[in-house]
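# Analysis of the macromolecular model
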Amino acid sequence: MKNTIKNIKTMLLLGVVALGGLEANAQDALDGGNFTGTDYEGYTINHFNRNENVWSKLRFQTGTRAFGFINKGDNFSLFYDGSTTNTSYGSTLFSVNKNGNMNIKGNICLPAAAVPNAVGMVWGQNYSKIMDNGNLNILTDDSFFIGKIDIDGERDIYKPYTLYANVNSGNVGIGTTTPSAKLQVTNGAIRPFEGNNDASGISFSPNIGGGGGDDAYIRYYVESGENTKLVIGTGNDVDDDIAFNQAGAERMTIYNGNVGIGTSTPAYKLSVKGAVAANDYNVVTAASMPDYVFANDYKLPSLSETEAYINANKHLPAFKSAKEMEATGYSVVDMDKGLLQTLEETILHNIAQEKEITNLKSEMAEIKALLLKK
């Protein structure tokens, strides 16, 4: 019976408040009418009109804990108070104004449906706020989650979350709640859009060195038919490097249109600092090879001329000196040309010597025949 009377009186009082029937002195009449019992259950309805600052309060008290509603001016709020003071309204948990704007303190769970494994959203640890000013902004003072909710009575949220954002570190995790970088993806791949333009692949911030038109990118696209191409590139300046590092050191560099292995400043189309091993290689060159040695108008240097050059320069005529080679290196093409020219000239000298020897043998045979007749 006691609870029935309480419910009836509460309904009547709420009706009076809703109809605006409580006057400025109604607080005194109602404060003394609180129901209290051994279980400390009770309610309070206050109505104030202080300097036209009109507000109403409905409080539900259980022991030292109370929830209640406040209607003050254009705002309506839900509060929690950890005291037994009827005039106190503790801290605001939820508020809404006449424009429909809401402020919510604490965690919020928005399940898609009250079914097991429903998909939902959770954000905030201490304070969260949603604003719509043309964009959807989710503001929180700690973390933001999008994940999976298991409806089991307690509505526990089970990890791993699909997406996690920590506003303190600024890190975002997909598949992890402990991202150590601005974006960390765990147990999954990142798939950029394919194409050969600024809207595809992976692009980096332009002009980071203060230049103009500088950029860097990784792209994957179809050239023609089933032929595809993966491009790692930079734009604008030829002196913007592309480097490949291994074990903390730069191993290969593309610089100024040249490729360097073991060097970051390649001076040739391919510069290698170290030994190169190959089963074979083919040199393609536009330089004229020394078949001109066999031309009729070629002046073959005599062996005495070659001897004089060697005595003066201490190396063969078709080659650099050892000191020059050590200082500047040598061209494989030039080396091959020099070797071939020297070989061809030697062959011509051998042919001439063979002819001379044959003539000498013939003359010796004639002299021998004359001597035998005597």
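Parameters and conventions
Residues numbered from 1 in each chain as written. Predicted model: local features only at pLDDT ≥ 70, side-chain atom pairs only at ≥ 80, totals over all residues. Heavy atoms only, no water. Helix = DSSP H or I, 4+ residues; strand = E, 2+ residues; numbered from the N terminus. Buried < 20%, exposed > 50% of the residue type's maximum accessible area, 1.4 Å probe, protein only. Areas by Shrake-Rupley, 256 points an atom, 1.4 Å probe, with all protein chains shown as cover. Pairing = 2+ DSSP bridges. Patch = residues over 30% accessible without salt bridge, like charges linked within 9 Å, V, L, I, M, F, W, Y side chains within 5 Å. Salt bridge = Lys/Arg side-chain N within 4 Å of Asp/Glu carboxyl O. Contact = heavy atoms within 4.5 Å. pLDDT = per-residue confidence, 0-100. Phe/Tyr/Trp six-rings, centres within 6.5 Å; stacked < 30°, edge-to-face > 60°. Lys NZ or Arg CZ within 6 Å of the ring centre and 35° of its normal. Expected span 1.5 Å × (residues − 1). Polar contact = N/O pair within 3.5 Å; in protein donor to acceptor, adjacent residues only side chain to side chain. Axes fitted to C-alpha atoms, helices over the stretch in contact; angles between N-to-C directions.

## So, the overall build of the protein chain
The secondary structure content of the protein chain amounts to five helices and 21 strands. The buried share among the 374 residues of the protein chain stands at 21%. Surface exposure of the protein chain reaches about 26400 Å², of which carbon and sulfur atoms provide 55%.

## A closer look at the pairing of strand E3 (residues 65-72)
When E3 meets strand E4 (residues 75-81), the two strands line up antiparallel, connected through seven bridges. Paired with Gly-68 across the strands is Phe-79, a residue of E4.

## Some remarks on a nonpolar patch on the surface
Taken together, Ile-202, Phe-204, Ile-218, Tyr-220, Leu-230, Ile-232, Phe-244 and Ile-254 make up a surface patch of nonpolar side chains, about 720 Å² in accessible area. Those elements that place two or more of their residues in the nonpolar patch are strand E16 (216-224) and strand E17 (227-234). One can find Tyr-220 in strand E16.

## Thoughts on the environment of Thr-234
Residue placement: Thr-234 occurs in strand E17. Residues Thr-234 and Pro-206 lie 28 residues apart in sequence; the distance between their C-alpha atoms is 9.9 Å. Leaving out residues up to four positions away in the same chain, Thr-234 has contacts with Asp-215, Ala-216, Tyr-217, Asp-240, Asp-241 and Ile-242.

## Regarding the confidence of the model for the protein chain
When the pLDDT values of the protein chain are averaged, the result is 77; 71% of them are 70 or greater. At the low end of the mean pLDDT range in the protein chain sits helix H2 (residues 26-31), at 38; at the high end sits strand E20 (residues 258-261), at 95. Note on residues 110-128: pLDDT is under 50 here. Beyond four places in sequence and across chains, it has 72 contacts. For residues 153-157, every residue scores under 50 in pLDDT, and the model assigns this stretch eight contacts once sequence neighbours within four places are set aside.

## Structural notes on the pattern of salt bridges
Counted under the stated rule, the structure contains five salt bridges. A salt bridge links Arg-219 to Asp-198; the shortest N-O distance between them is 2.9 Å. Of this pair, Arg-219 sits in strand E16 while Asp-198 sits in the loop between strand E14 (183-185) and strand E15 (202-203), and the two are 21 residues apart along the sequence. Taking the relative accessible area as the measure of exposure, Asp-198 reaches 63% and is therefore exposed.

## A few points about the packing of aromatic side chains
Within a pair of aromatic rings, the relevant descriptors are the distance that separates the centres and the angle that separates the planes. For the coordinates displayed, the defined rule picks out three aromatic pairs. Between Phe-67 and Tyr-80, the ring centres sit 5.1 Å apart and the planes meet at 55°, which makes this aromatic pair tilted. Within this pair, whereas Phe-67 is found in strand E3, its partner Tyr-80 is found in strand E4, the two being separated by 13 residues in sequence. Taking relative accessible area as the criterion, Tyr-80 reaches 29% and is therefore assigned partly exposed. Sitting over the face of the ring of Tyr-217, Arg-219 holds its NZ or CZ atom 3.8 Å from the ring centroid.

## Considerations on the sheet that holds E16
The strand order across the open sheet built from three strands is E15-E16-E17, with neighbouring strands paired in antiparallel fashion. Strands with a single pairing partner mark the edges of an open sheet, and in this sheet they are E15 and E17. Inspection of the sheet shows E16 paired to E17 by eight bridges, in the antiparallel sense. Along E17, the bridge assignment pairs Ile-218 with Ile-232.

## Quick notes on helix H5 (residues 332-373)
Taking 1.5 Å as the rise per residue, H5 with 42 residues should run 62 Å; its terminal C-alpha atoms sit 62 Å apart, in good agreement. When we look at burial in H5, the residues that qualify are Val-333, Met-335, Gly-338, Gln-341, Glu-344, Glu-345 and His-349. In this structure Ser-331 caps H5, since a side-chain oxygen of it lies 3.2 Å from the backbone nitrogen of Val-333.

## Notes on the sheet that holds strand E21 (residues 270-272)
Overall, mixed pairing links the four strands, which are arranged E18-E19-E20-E21 in an open sheet. Where the open sheet ends on each side, the last strands, each with one partner, are strand E18 (242-246) and E21. For this sheet, the mean inter-axis angle between neighbouring strands, taken without regard to orientation, is 15°. Here four bridges tie strand E19 (residues 249-255) to E20, and the two strands are oriented antiparallel to one another. The residue bridging Ile-254 from the neighbouring strand is Val-259, located in E20.

## Thoughts on the side chain of Thr-176
In this structure, Thr-176 sits in the loop between strand E13 (172-174) and E14. Among the polar contacts listed, one links the side chain of Thr-176 to the backbone nitrogen of Thr-178, at a separation of 3.1 Å.

## Things to note about unusual backbone geometry
Excluding glycine, most residues fall at negative phi; most peptide bonds, likewise, are trans. The backbone of Asn-207 sits at a positive phi, close to 55°, despite the residue not being glycine. If you trace the backbone, Asn-207 turns up in the loop between E15 and E16. Positive phi outside glycine occurs at Ala-247, with the angle close to 55°. Its location among the elements puts Ala-247 in the loop between E18 and E19.

## Quick notes on the environment of Ser-83
You can see Ser-83 is positioned in the loop between E4 and strand E5 (91-97). Residues Ser-83 and Thr-62, 21 residues apart in the sequence, show an inter-C-alpha distance of 9.7 Å. Those residues within four positions of Ser-83 in sequence are excluded, and the remaining contacts are Arg-59, Gln-61, Thr-64 and Ser-88.

## A closer look at the pairing of E4
Here E3 hands over to E4 after two residues, with Gly-73 in that stretch at a positive phi of 60°. With six bridges joining them, E4 and E5 adopt antiparallel strand pairing. Paired with Phe-76 across the strands is Val-96, a residue of E5.

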